[in-house]
Amino acid sequence: MQRIGLVDDSVMLRSAIKNVLEASGFEVVLEAGGSAELFEKMEENVPSLILLDVFFPTENGLDILARLKKQYPPVKVLMVTGLKQDSIAEEAKRLGASGVLYKPFDTDDLLNAIKQA
């Protein structure tokens, strides 16, 4: 079973994704609203896959991705964004993301993206 972390500043989105994942048999082991909370929680519990938003009010998800891959290289990261720009996807892949999931997405899109990651 994949152990999944959710990192998004939207509590409602995290809750919705968590419900879908848990109903599909995944274990959500970590939720965070930004990098400080994420790295604090990862000291105790490291997921195998993290769904990471690209845009936060005070930070950049690509910067968080770079730090994640430096500190926790085996952790897979799936970037989540509502902005379809090739430059974001290319930079995410360059930094080590396993893929990019575009909002809005449905349950099938989410589960397929996780399987591909």
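One can find the structure itself at the top, above this paragraph.
A. Structural context of the overall build of the protein chain. Helix and strand content of the protein chain: five helices and five strands. Reading the protein chain from its N end, one meets helices and strands in the order β-α-β-α-β-α-β-α-β-α. Radius of gyration (C-alpha) of the protein chain: 13 Å, near the 13 Å computed for a compact globule of 117 residues. Referenced to the eigenvectors of the C-alpha coordinate spread, the extents of the protein chain come out at roughly 30 × 30 × 25 Å. Every one of the 117 residues in the protein chain was classed for burial, and the buried ones make up 45%. Of the contacts made within the protein chain by residues no fewer than 6 positions apart, 61% connect residues no fewer than 24 positions apart. Taken as a whole, the protein chain presents about 6,200 Å² of accessible surface, with 49% of it coming from carbon and sulfur. Once the 13 positive and 18 negative side-chain charges of the protein chain are each reduced to a mean point, those two points are 5 Å apart.

B. Main features of helix α1 (residues 11-23). Here α1 is 13 residues long and its end C-alpha atoms lie 18 Å apart, about the 18 Å a rise of 1.5 Å per residue gives. Among all positions in α1, only Arg14, Ile17 and Leu21 are buried. Looking down the long axis of α1, one finds its buried residues gathered within 70° of arc, a one-sided arrangement. Exposed and facing more than 90 degrees away from the buried side of α1 are Val11, Met12 and Ala23.

C. Focus on the sheet that holds strand β1 (residues 3-7). Here we have five strands laid out as an open sheet, ordered β2-β1-β3-β4-β5, and parallel in their pairing. The sheet terminates laterally at β2 (27-32) and β5 (99-102), the two strands that pair on one side only. Taken over all neighbouring pairs, the strand axes of this sheet differ in orientation by 25° on average, direction set aside. Inspection of the sheet shows strand β3 (residues 49-53) paired to strand β4 (residues 76-81) by five bridges, in the parallel sense. Looking across to β4, one finds that Leu51 is bridged to Leu78. Each of β1, β2 and β3 is contacted by helix α2 (residues 35-42), which is oriented at about 135° to β2, the strand it contacts most.

D. A look at the environment of Glu27. If you trace the backbone, Glu27 turns up in strand β2. Judged by relative accessible area, Glu27 falls into the partly exposed class, the value being 35%. In sequence terms Glu27 and Ile88 are 61 residues apart; their C-alpha atoms lie 28 Å from each other.

E. Spatial organisation of the packing of aromatic side chains. Summed over the entire model, instances satisfying the criterion amount to zero aromatic pairs. Its guanidinium or amino end placed over the ring of Phe39, Arg67 lies 3.7 Å from that ring's centre, counting from NZ or CZ. Across from the ring centre of Tyr102, 5.4 Å away, lies the NZ or CZ of Lys84, which sits over that ring.

Quick notes on the rules
- Residues numbered from 1 in each chain as written.
- Predicted model: local features only at pLDDT ≥ 70, side-chain atom pairs only at ≥ 80, totals over all residues.
- Heavy atoms only, no water.
- Helix = DSSP H or I, 4+ residues; strand = E, 2+ residues; numbered from the N terminus.
- Rg over C-alpha atoms; globule rule 2.2 N^0.38 Å.
- Buried < 20%, exposed > 50% of the residue type's maximum accessible area, 1.4 Å probe, protein only.
- Contact = heavy atoms within 4.5 Å.
- Areas by Shrake-Rupley, 256 points an atom, 1.4 Å probe, with all protein chains shown as cover.
- Lys, Arg positive; Asp, Glu negative; His and termini not counted.
- Charge placed at Lys NZ, Arg CZ, Asp CG, Glu CD.
- Expected span 1.5 Å × (residues − 1).
- Arc of directions from axis to C-beta.
- Pairing = 2+ DSSP bridges.
- Axes fitted to C-alpha atoms, helices over the stretch in contact; angles between N-to-C directions.
- Phe/Tyr/Trp six-rings, centres within 6.5 Å; stacked < 30°, edge-to-face > 60°.
- Lys NZ or Arg CZ within 6 Å of the ring centre and 35° of its normal.

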